[in-house]
Amino acid sequence: MDLSFDPDSLSLPVGHFVGEHFIVADGIIPMHRPSDGEAYAGCPVADADLVDQAVQTAKAALKESNWGGVRPRERLNVLHRWADLIEQEAETLARLEAIASTRPVGQLVDGDIAISAEQIRFFAEFADKEGSDLVPTDDGNLGMIMTEPYGVVGAITPWNFPINMAAWKLGPALAAGNAVVLKPSEMTPFSTIYLAQLAVRAGLPAGLINVVLGDGITTGSAMTGHPEIAKISFTGSTRAGSAIMENIARTGVKPMTLELGGKSPQIVFADADLDKAAAAITASILGNAGQACVAGSRLIVEKEIAARLIDAIKSRMDGVIARPTWDAASQYSPIISERQRQRIDGIVSASVSAGGDCLVGGACMDGPGYFYAPTLVAGVDQNSPAIIEEIFGPVLTLQTFEDEEEALQLADHPSYGLAAGLFTRDLSRAIRLTRRLQAGTVWVNRYGRSRDHILPTGGYKQSGIGKDLGREAFQANRKSKSVLISL
Ligand code: NAD
């Protein structure tokens, strides 16, 4: 199957999706294709009235369908049918995703989209298997923790994996019996609209998913401040997470889960399988051109093997195949915008000015689009901008250590604690360090998630509050009531 396509031939759903209606709207925010820089569309901006219309539609749909109160297996069945339809429509979804985002079309059908369908099925399974608990009390009483859906949940997603991030939010919220108003990133909104339309085609009662397009200031704030949105589930930058907390505090109190930024270390000891480590490290910083929250962007390597590991990484960084995202042969992603590409370049230059040594790359790539060369910067200290800032690009820093304590000190970031990687054949050391690493996820002798979906993901420090994926994501979409009955 050749998934390559002509980007000018694609018709885009420029509008909002509320209830079962696609609401055509003017494209306000100019949009450029990351792969060639061409202006191709505009993103509409939903105002507070439209957000309110989406919330009222969601409330009415909950009431009419009794979604939170139907036999849980009915919720499961609908979500399974939606996942099936997502797979059947994967090619259309892949094109809508690839045109606007940094995701190469050849990686979507069997990658992001297949994984999203799997994760929706995974979350659906909790609908009829995860419930309330009886708790121990004396025999004159019956105690229980009863759980129930929140009602209308607000979800806000980033641009880096648009379909997948939407699935992470919609799957558990719907399985748990809620309705959702979702705002995708203004840079990559169209695949999410189609994803929602597929849900209604699969039999999900209309109004349980509503997608409003817009930016953070207007549409996002209208959502986080809306009194009838009972909970916010957000994935994005720490800066925006902080603004959301502020707006929620100002406009009323509501629970939120925040999946935020990262600056994750990968520690390699001399006894590690170096080929395996080099492959995992390179894949983690080049995948989506480093535009992943868990990108393993700080390599911390035992001094005696540094030269060998650098060679192994350099050879993997050479010769990436950078083509437009709509070319199925593309294996390397562009940066989302020219602004972000210039920001990456600025941080690399500042780190070199501060004493860093650029061993590979360090520049924008020639040709159309916003591609940035795979980059390796050595000689950086803990104050270097390349160590402190979440670069969100294909930039790997390299630092060396002589003992475990030094490795741990280097790994500790002042504000982020999302993930960490550890490469060693020494089991005791792996467990010892895993216990001390300040990160919400630790991968040992690998870097990246499996396709089990049961391990939750979330951050320590300013990398977030709460978890996505796993049982925790389902539970985060239900509130609990403590009940004590005197017998
Ligand atoms: P961003 O914070 O700029 O935007 C994310 C979303 O939030 C967008 O939809 C945006 O419109 C919205 N938004 C921005 N300001 C807002 C506000 N004040 N109120 C409400 N909504 C607002 O992030 P981005 O550039 O789209 O994505 C990259 C960031 O996302 C990185 O920091 C990355 O680490 C993070 N991320 C984290 C995870 C995770 O699981 N921890 C996963 C993916 C991405």
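The protein chain appears in an unreviewed UniProt entry as Putative aldehyde from Rhizobium freirei PRF 81. For the record of the protein chain, the UniProt heading Sequence similarities (unreviewed entry) holds the text "Belongs to the aldehyde dehydrogenase family."

Participant: Just to check I follow, could you spell out the UniProt feature "active site" (unreviewed entry) in the protein chain for this structure?
Facilitator: Summarizing the sequence annotation, UniProt attributes the feature "active site" (unreviewed entry) to Glu259 in the numbering used throughout. Residue position: Glu259 is located in strand E11 (residues 256–259). For Glu259, a relative accessible area of 6% puts it in the buried group. When neighbours within four sequence positions are excluded, Glu259 is seen to be in contact with Lys169, Phe234, Thr235, Gly236, Thr457, Gly458, Gly459, Ser463, Ile465, Gly466, Lys467 and Asp468.

Participant: Would you mind going over the site of the ligand with me for this structure?
Facilitator: If you check the shell around the ligand, you find 29 residues, and the closest are Trp159, Lys183, Glu186, Ser237 and Glu390. The backbone of Thr157 places a nitrogen or oxygen atom 2.8 Å from an oxygen atom of the ligand. Residue Gly216 places a main-chain N or O atom 3.5 Å away from an oxygen atom belonging to the ligand. Taken by itself the ligand offers 850 Å² of open surface, and the protein chains cover 90% of this. Using a 2 Å cut-off from the grid points, one finds that the ligand occupies the largest pocket. For the shell around the ligand, the elements supplying multiple residues, two or more each, are helix H7 (216–224), strand E10 (231–235) and helix H8 (238–251). Examining the composition of the shell around the ligand, we find that four residues originate from one element, H8, more than from any other. Here the residues of the shell around the ligand sort into 13 nonpolar, 10 polar and six charged.

Participant: How should a nonpolar patch on the surface be read in this particular structure?
Facilitator: On the surface, Leu134, Leu142, Ile485 and Leu487 cluster together into a nonpolar patch covering about 390 Å² of accessible area. Its place among the elements puts Leu142 in strand E6 (residues 141–149).

Participant: Hey, could you run me through the domain arrangement of the protein chain in this one?
Facilitator: Where interface size is quoted, it is often the accessible area lost as the parts come together. Its domain assignment divides the protein chain into domain 1 (7–260 + 464–486) and domain 2 (265–458). Relative to domain 2, the C-alpha centre of domain 1 lies at a distance of 30 Å. The partner domain 2 presents 32 residues to the 40 residues of domain 1 that form the contact. Here domain 1 packs against domain 2, burying approximately 2900 Å² in sum over the two surfaces, 61% of which is carbon and sulfur. Considering only the surface of domain 1 that becomes buried against domain 2, Pro34, Ser35 and Thr102 emerge as the three largest contributors, covering 19% of it. Counting across the domain 1 and domain 2 interface gives one salt bridge. With its nearest N and O atoms 2.6 Å apart, the salt bridge here joins Glu118 to Arg451. If you look at where domain 1 meets domain 2, you find 14 residue pairs in polar contact (both at pLDDT 80 or more). In terms of residue count, the dominant contributor to the side of domain 1 that touches domain 2 is helix H4 (residues 108–126) (seven residues). Class assignment of the residues belonging to the side of domain 1 that touches domain 2 gives a composition of 17 nonpolar, 13 polar and 10 charged.

Participant: Please explain the sheet that holds strand E18 (residues 419–423) as it appears in this structure.
Facilitator: The mixed open sheet is built from seven strands, whose spatial order is E14-E15-E16-E13-E12-E18-E19. Edge positions in the sheet fall to strand E14 (357–360) and strand E19 (441–444), since each has one partner strand and no second. The average angle at which neighbouring strand axes cross in this sheet is 25 degrees, direction not considered. Packed on one face of the sheet, helix H10 (residues 306–317) meets strand E12 (265–268), strand E13 (298–302), E14, strand E15 (375–378) and strand E16 (395–401) and runs near 145 degrees to E13.

Participant: What's the story with the side chain of Ser284 in this structure? I'm lost.
Facilitator: Mapping Ser284 onto the fold places it in helix H9 (residues 274–286). Here Ser284 falls in the buried class, since its relative accessible area comes to 11%. Within the structure, the side chain of Ser284 is placed 3.2 Å from the backbone oxygen of Ile281, a separation counted as a polar contact.

Participant: Would you mind showing me how to read the layout of surface pockets here?
Facilitator: Empty space among the atoms becomes apparent when a probe as large as a water molecule is rolled across them. Here the largest pocket is characterised by a volume of approximately 1500 Å³. Going through the elements one at a time, strand E3 (29–32), H7, E10, H8 and helix H11 (338–353) are the ones with two or more residues in the lining of the largest pocket. For the lining of the largest pocket, the leading source of residues is H8, giving six residues. Partitioned by chemical class, the residues of the lining of the largest pocket number 21 nonpolar, 16 polar and 10 charged. Three or more residues apiece are contributed to the lining of the largest pocket by two domains, here domain 1 (7–260 + 464–486) and domain 2 (265–458). Volume-wise, the second largest pocket comes out at about 800 Å³. As for the second largest pocket, its lining consists of 30 residues, and the residues nearest its centre are Ile115, Phe161, Val294, Gly448 and Arg449. Breaking the lining of the second largest pocket down by element, the ones donating at least two residues are H4, helix H5 (162–175) and H9. Of all the elements, H9 adds the most residues to the lining of the second largest pocket, at five residues. When its residues are assigned to classes, the lining of the second largest pocket shows 14 nonpolar, 12 polar and four charged. Each of domain 1 (7–260 + 464–486) and domain 2 (265–458) gives at least three residues to the lining of the second largest pocket.

What counts and how
Residues numbered from 1 in each chain as written. Predicted model: local features only at pLDDT ≥ 70, side-chain atom pairs only at ≥ 80, totals over all residues. Heavy atoms only, no water. UniProt positions renumbered as here; feature names shortened; annotations may be inferred. Helix = DSSP H or I, 4+ residues; strand = E, 2+ residues; numbered from the N terminus. Buried < 20%, exposed > 50% of the residue type's maximum accessible area, 1.4 Å probe, protein only. Contact = heavy atoms within 4.5 Å. Near = heavy atom within 4 Å. Polar contact = N/O pair within 3.5 Å; in protein donor to acceptor, adjacent residues only side chain to side chain. Areas by Shrake-Rupley, 256 points an atom, 1.4 Å probe, with all protein chains shown as cover. 1 Å grid on protein atoms, 1.4 Å probe; cavity = no way out; pocket = protein on both sides within 12 Å on 5 of 7 lines; lining within 4 Å. Sits in = over half its atoms within 2 Å of the grid points. Nonpolar A, V, L, I, M, F, W, Y, C, P; charged D, E, K, R; others polar. Patch = residues over 30% accessible without salt bridge, like charges linked within 9 Å, V, L, I, M, F, W, Y side chains within 5 Å. Salt bridge = Lys/Arg side-chain N within 4 Å of Asp/Glu carboxyl O. Domains from an automatic or database assignment. Buried area = accessible area lost by both parts, 1.4 Å probe. Pairing = 2+ DSSP bridges. Axes fitted to C-alpha atoms, helices over the stretch in contact; angles between N-to-C directions. Points joined across faces, edges and corners; volume = space filled by probe spheres on them.

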